[in-house]
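# Results of the structural survey
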There are 2 protein chains.
Amino acid sequence: MAKKEISQAVIQRLPRYYRYLGDLMDQGVERISSNELSKRMKLTASQIRQDLNNFGGFGQQGYGYNIKNLHDEIAKILNIDEEHNMIIIGAGHLGQALANYTNFRKRGFIIKAIFDKDPAVIGKHIGDTEVFPMERIDEIIRTYDVKLAAVCIPKAPAVKVVEQLIADGVVGIWNFAHVDLEVPSNVVIENVHLSESLMRLSYRVGEIYRDKK
Amino acid sequence: MAKKEISQAVIQRLPRYYRYLGDLMDQGVERISSNELSKRMKLTASQIRQDLNNFGGFGQQGYGYNIKNLHDEIAKILNIDEEHNMIIIGAGHLGQALANYTNFRKRGFIIKAIFDKDPAVIGKHIGDTEVFPMERIDEIIRTYDVKLAAVCIPKAPAVKVVEQLIADGVVGIWNFAHVDLEVPSNVVIENVHLSESLMRLSYRVGEIYRDKK
């Protein structure tokens, strides 16, 4: 099969397909038609067929999609068919929430360490790992060949720490700090700006009341 | 000034403008040109002028933008110029992280209560509030006229709790549960699916390696 370019819009939707297919597998369902999947996902059946055709068209006329095959194929595309070692910077509530999130491990994201500068939390066990002092970042990244880091510290220290992470070989930054980090072109950033998400909700709530007037 | 329709793309960018303008105010800056703002935000100056013209064009030729005016105006549009009472469902790590997040209060989101079914955490003080039993949701929503709720519980109980929240008058759901909730048209949902965000990061990290091959 020739490798096709997959559009960004499809990539945006892929994790959602992956979640729905995973839920269906958990329910013991083996096949699903594009019509049935479209009802569940509130997409048109033709949109689904178009999206899934990107991955070789696993649907068979009259039989529907083999859920496990499709789930596996999407996992490959999302690069989650193999394990990734990951670290978390910051053992505040958010860092601890991420470390305790068993879903990540299920999807192959193995959290090797959490780092914090606060002596009161260093040594604490969280989820399957523990809190290490910031001084050990370099060593642990190298030991476990860590490529992914979640950054859960305030924006001022985040900028410097991210430089260090990149120098140590991290190529994917999951950024929860409220700052737009500048990174070289061979490093990717996925931002989760919670305040901005809450403001968008607030805007849309405001819209409801404006519409009523 | 006649009220103009503002595009969704501009709305998406507004919280980011708000953040940059807030940072500038914190630094004591009073005015900024669109050129200078464009350098900081990595947008073109013409994009910035176009976006900000939506709100009455506060820029003056040769003087630039009055940062405080613009910040206030964006706050109005985002519906954060007045306070909003908010509750959090679930006092796990994520719920606690949100409750402890002082930035929300600064922006007028006042967390009135956190709810949990676990007797071990009920009564615990978190941030400026405390953990109440789920049975008190109705009463507290009515007492404080709560319109916003953050949902930080697993997907199975989330569906039922959200129905209750809506029946009680909540119109904005900030959903962290890994499920697409169905809500009436006069209720808005803002989803934060952390697993999906992490998968998008993983996909893009995979792209880096593919590009190298």
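Use the structure listed above.
My aim in this report is to walk through the structure given alongside it, one point at a time. Computed from a predicted structure; not experimentally measured.

### Side note on the sheet that holds strand S6 (residues 125–126) of chain B
Residue and element names in this part refer to chain B. Overall, mixed pairing links the seven strands, which are arranged S6-S7-S5-S4-S8-S9-S10 in an open sheet. Whereas interior strands pair on both sides, the edge strands pair on one side only; in this sheet they are S6 and strand S10 (188–191). For strand S5 (residues 109–116) and strand S7 (residues 129–133), the ladder comprises three bridges, and the chain directions are parallel. Within S7, the position partnered with Asp116 by the bridge is Pro133. Those strands touched by helix H8 (residues 155–167) are strand S4 (84–89), strand S8 (148–151) and strand S9 (172–175), and its axis lies near 175 degrees from that of S8.

### Some thoughts on the packing of aromatic side chains
Residues and elements named next belong to chain A. Tallied over the entire structure, the rule returns eight aromatic pairs over all chains. An angle of 40 degrees between the planes, with centres 6.2 Å apart, marks the rings of Phe115 and Phe132 as tilted. In this pair, Phe115 sits in strand S5 (residues 109–116) while Phe132 sits in strand S7 (residues 129–133), placing the two residues 17 residues apart along the sequence. Pair check on accessibility: Phe115 and Phe132 agree, each one buried. Taken together, the ring pairs in this structure connect Tyr101, Phe104, Trp174 and Phe176 into an aromatic cluster.

### Topic: the side chain of Asp116 of chain A
Residue and element names in this part refer to chain A. As for its position among the elements, Asp116 is in strand S5. Here Asp116 occupies a buried position and makes no salt bridge, while the nearest side chain of opposite charge, Lys117, is found at 7.2 Å. Separated by 2.9 Å, the side chain of Asp116 and the backbone nitrogen of Asp118 make a polar contact. When neighbours within four sequence positions are excluded, Asp116 is seen to be in contact with Gly90, Ala91, Gly92, Val121, Ile122, Val131, Phe132, Pro133 and Met134.

### Side note on the interface of chain B and chain A
In this complex, chain B contributes 64 residues to the contact, which on the side of chain A involves 64 residues. Both faces combined, the contact of chain B with chain A buries some 5,900 Å², and carbon together with sulfur accounts for 59% of it. Scanning the region where chain B abuts chain A turns up 14 salt bridges. For Asp180 of chain B, the salt bridge is made with Arg19 of chain A, and the minimal N-O distance between the two is 3.1 Å. Applying the counting rule to chain B against chain A returns 32 residue pairs in polar contact (both at pLDDT 80 or more). Elements represented by at least two residues in the side of chain B that touches chain A include exactly helix H1 (8–26), S4, helix H5 (93–99), helix H6 (102–106), S9, S10 and helix H9 (194–212) of chain B. The element best represented in the side of chain B that touches chain A is H9 of chain B, accounting for 17 residues. Partitioning the side of chain B that touches chain A into residue classes produces 32 nonpolar, 16 polar and 16 charged.

### A word on unusual backbone geometry
Residue and element names in this part refer to chain A. Positive phi values are uncommon outside glycine, yet Lys42 reaches one of about 55 degrees. Judged by relative accessible area, Lys42 falls into the exposed class, the value being 58%. Although it is not a glycine, Asp145 adopts a positive phi angle of roughly 50 degrees. Among the secondary structure elements, Asp145 is positioned in the loop between helix H7 (137–144) and strand S8 (148–151).

### A word on the sheet that holds S8 of chain A
Residues and elements named next belong to chain A. In space, the seven strands of this open sheet follow the order S6-S7-S5-S4-S8-S9-S10, with mixed pairing throughout. Both edges of this open sheet fall to strand S6 (125–126) and strand S10 (188–191), since each of them pairs with a single strand only. In this sheet, S5 lies alongside strand S4 (residues 84–89) in parallel orientation, the contact comprising six bridges. When the bridges of S5 are listed, Asn85 appears paired with Ile110. Each of S4, S8 and strand S9 (172–175) touches helix H8 (residues 155–167); the most contacted strand, S8, lies at about 175 degrees to it.

### Looking at the pairing of S8 of chain B
Residues and elements named next belong to chain B. Side chains Leu148 and Ala150 of S8 all project onto a buried face; the interleaved residues Ala149 and Val151 project onto the opposite face, where all are buried too. Looking at chain direction, S4 and S8 are connected through four bridges and run parallel. Bridged to Met86 within S8 is Leu148. Where S8 lies against S9, four bridges are found, and the strand directions are parallel. Considered in S9, the bridge of Val151 is made with Asn175.

### Looking at H7 of chain A
All names here are of chain A. For H7, the full list of buried residues reads Ile137, Ile140 and Ile141. Viewed end-on, H7 has its buried residues packed into an arc of 100 degrees, placing them on one side of the element. Of the exposed residues in H7, those oriented more than 90 degrees away from the buried face are Arg142 and Thr143. Contacts made by the buried residues of H7 are with S4, S5, S7 and H8. Just past H7, the residue Asp145 takes up positive phi, approximately 50 degrees.

### Considerations on the environment of Ser7 of chain B
Position of Ser7 of chain B among the secondary structure elements: in the segment before H1. In this structure, the C-alpha to C-alpha distance between Ser7 of chain B and Asp51 of chain B, residues 44 residues apart in sequence, is 9.5 Å.

### Thoughts on the nonpolar core
Formed by 105 residues in total, the largest nonpolar core has its most connected members in Ile74, Leu98 and Trp174 of chain A together with Ile74, Leu98 and Trp174 of chain B. When near neighbours in sequence (up to four residues on either side) are disregarded, Trp174 of chain B contacts Leu194, Ser197, Leu198 and Leu201 of chain A together with Met86, Leu98, Phe104, Ala149, Ala150, Val151, Glu190 and Val192 of chain B.

### Quick word on the environment of Lys124 of chain B
All names here are of chain B. With respect to the helices and strands, Lys124 occurs in the loop between S5 and S6. Sequence-wise, Lys124 and Ala91 are 33 residues apart; in three dimensions their C-alpha atoms are separated by 9.5 Å. Not counting chain neighbours up to four residues away, the residues in contact with Lys124 comprise Gln96, Thr129, Glu130 and Val131.

Criteria and thresholds
Once a new chain begins, its residue numbering starts again from 1 and follows that chain's sequence as written. Each chain gets a letter, beginning with A, and each ligand a number, beginning with 1, in the order they are written. Residues qualify for local features only when their pLDDT is at least 70, as the model is predicted, and side-chain atom pairs are given and counted only at 80 or more; totals for whole chains, interfaces and linings, by contrast, use all residues. For side-chain calculations, the full set of non-hydrogen atoms in the structure is used, while hydrogens and water are omitted. Paired strands, as defined in this entry, are two strands with at least two bridges between them according to DSSP. In DSSP terms, a helix is any run of H or I states spanning at least four residues, a strand is any run of E spanning at least two, and both are numbered starting from the N terminus. Whether two residues are in contact is decided by their heavy atoms, any of which lying within 4.5 Å being enough. Lines fitted to the C-alpha atoms define the axes, with helices restricted to the stretch that makes contact. Angles between their N-to-C directions range from 0 to 180 degrees. Stacked, tilted and edge-to-face pairs are distinguished by plane angle, under 30 degrees for stacked and over 60 for edge-to-face with tilted covering the rest, among Phe, Tyr and Trp rings (Trp via its six-membered ring) whose centres lie within 6.5 Å. The classification of residues rests on relative accessible area computed with a 1.4 Å probe and restricted to protein chains. Under 20% of the type maximum is buried, over 50% is exposed, and intermediate values are partly exposed. Neither His nor the chain ends contribute to the count of charged residues, in which Lys and Arg are positive and Asp and Glu negative. One speaks of a salt bridge when a side-chain nitrogen belonging to Lys or Arg is within 4 Å of a carboxyl oxygen belonging to Asp or Glu. N or O atoms within 3.5 Å of each other form a polar contact, as long as, within protein, one can give a hydrogen and the other can take it, and as long as residues adjacent in sequence are counted only when both atoms are side-chain atoms. The quantity reported as buried area is the accessible area (1.4 Å probe) lost by two parts once they are put together, taken as the sum for both. Throughout, the ten residues Ala, Val, Leu, Ile, Met, Phe, Trp, Tyr, Cys and Pro are labelled nonpolar, Asp, Glu, Lys and Arg are labelled charged, and all others, Gly among them, are labelled polar. What the arc measures is the spread of directions leading from the helix axis to the C-beta atoms. Throughout, nonpolar core names a set of buried Ala, Val, Leu, Ile, Met, Phe, Trp, Tyr and Cys residues whose side chains join them through atoms within 4.5 Å.

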